[in-house]
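Summary of the model geometry
So the chains spell out like this:
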Amino acid sequence: MEIISAQNIVKQFGSFTALDDVSISVPEKSIFGLLGPNGAGKTTLIRIINQITAPDSGQIFFGGEKLSPKHTEQIGYLPEERGLYKKMEVGEQCVYLAQLKGLSKKGATKKLKEWFEKFEMQDWWKKKTEELSKGMQQKVQFVVTVLHEPKVLILDEPFSGFDPINASLIKNEVLRLKNNGTTILLSTHNMSSVEELCDNIALINKAKVILHGSVREIRQQYKANTYEVEFTGDLMTFTKALFKDFELLEKHVDGANCKAKVKLLYDKSPNDLLNTVLPYIQIQSFREILPSMNDIFISKVQQTEVHATVGLTE
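Let me sum up the structure you'll find in this document.

Here is what the cut-offs are and how they apply
- Residues numbered from 1 in each chain as written.
- Predicted model: local features only at pLDDT ≥ 70, side-chain atom pairs only at ≥ 80, totals over all residues.
- Heavy atoms only, no water.
- Helix = DSSP H or I, 4+ residues; strand = E, 2+ residues; numbered from the N terminus.
- Rg over C-alpha atoms; globule rule 2.2 N^0.38 Å.
- Buried < 20%, exposed > 50% of the residue type's maximum accessible area, 1.4 Å probe, protein only.
- Areas by Shrake-Rupley, 256 points an atom, 1.4 Å probe, with all protein chains shown as cover.
- Lys, Arg positive; Asp, Glu negative; His and termini not counted.
- Charge placed at Lys NZ, Arg CZ, Asp CG, Glu CD.
- Pairing = 2+ DSSP bridges.

Notes on the overall build of the chain
From N to C terminus, the chain includes 10 helices and 14 strands. For the chain, whose C-alpha radius of gyration is 25 Å, the value lies well above the compact-globule estimate of 20 Å for 314 residues. Overall, the C-alpha framework of the chain stretches about 75 × 55 × 35 Å when taken along its three principal axes. Per-residue burial over the chain gives 43% buried out of 314 residues. Element-wise, carbon and sulfur atoms account for 48% of the exposed surface of the chain, whose accessible area totals about 16500 Å². In the chain, the 39 positive side-chain charges and the 39 negative ones have mean positions that sit 4 Å from each other.

Topic: the pairing of strand S9 (residues 200–205)
Among the 6 residues of S9, 6 are classified as buried, and the element is accordingly described as predominantly covered. Here S9 shows a buried face lined by Asn200, Ala202 and Ile204 and a second buried face lined by Ile201, Leu203 and Asn205. In this structure, strand S3 (residues 31–35) lies alongside S9, joined through 4 bridges in parallel fashion. When the sheet's bridge partners are listed, leucine 35 is paired in S9 with leucine 203. Bridge count between S9 and strand S10 (residues 208–214): 6 bridges; the pairing is antiparallel. Within S10, the position partnered with asparagine 205 by the bridge is lysine 208. Taken together, S9 and the strand that follows it, S10, pair antiparallel across an intervening segment of 2 residues, in which lysine 206 is found at a positive phi of about 50°.

In short, geometric facts, not functional conclusions.
This is the structure in structure tokens:
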């Protein structure tokens, strides 16, 4: 079931089109990556889902219902630009923000104490926000964002500014929340996080959706019939065996061990490659190389740029 469905969203600011007929579907209890270059329209779509602004046309549905103010308390939003009050004590501020999401003061305080202990933040309760580092402030705001246990959690660049230990801590919490039934909408430029965390993605560029689907299926769709072979044996003999049916893209020799990246040509199969080289080498490992989400991201965006340029010159 879809928890969020955006249908034909259009948003303009004067003569600038931020979103142009954008449609996405976010499956319930999944992690959905909202990707795109700076200025692509991601933040505008997030602001519309959060009802900070409204679309010029199109509709957003939340759990099958047309999005309305009653859904606000079911959404947690961690913006890229953090918004804590610098002169206010951390604990007092967290309780106040939690109350804005519908928690009682007593209930909020109890939950916050548990989270602060979990994240080893107990000593921060009486500190003012300005006394905390950027990473510490991010941890505080993450806690405030998830405290009311929203059905949908929207995270805009949540790992920015974190050291590897705290980035891992937040990633583990995101996965735990997903496993407990929360849907996460993740906007990020970190493609390794996309591969590690996301079930589905939408790639937006120049206000349009140019790619939408599951991460697994997209990587399969853009594969280039390329395989990595690790073996022992003579590299020259291996190379000659490939002849015209396969293309040697890369090679590396470390003593008796060799590694080669080979592309299949002319509808050849992986079995054809193995049958061709097995008489000459001892294979240690053999695997298909799927394109990374980073490679796919760059390729699709560049492709869009080329098409836009061609359109202008025609």
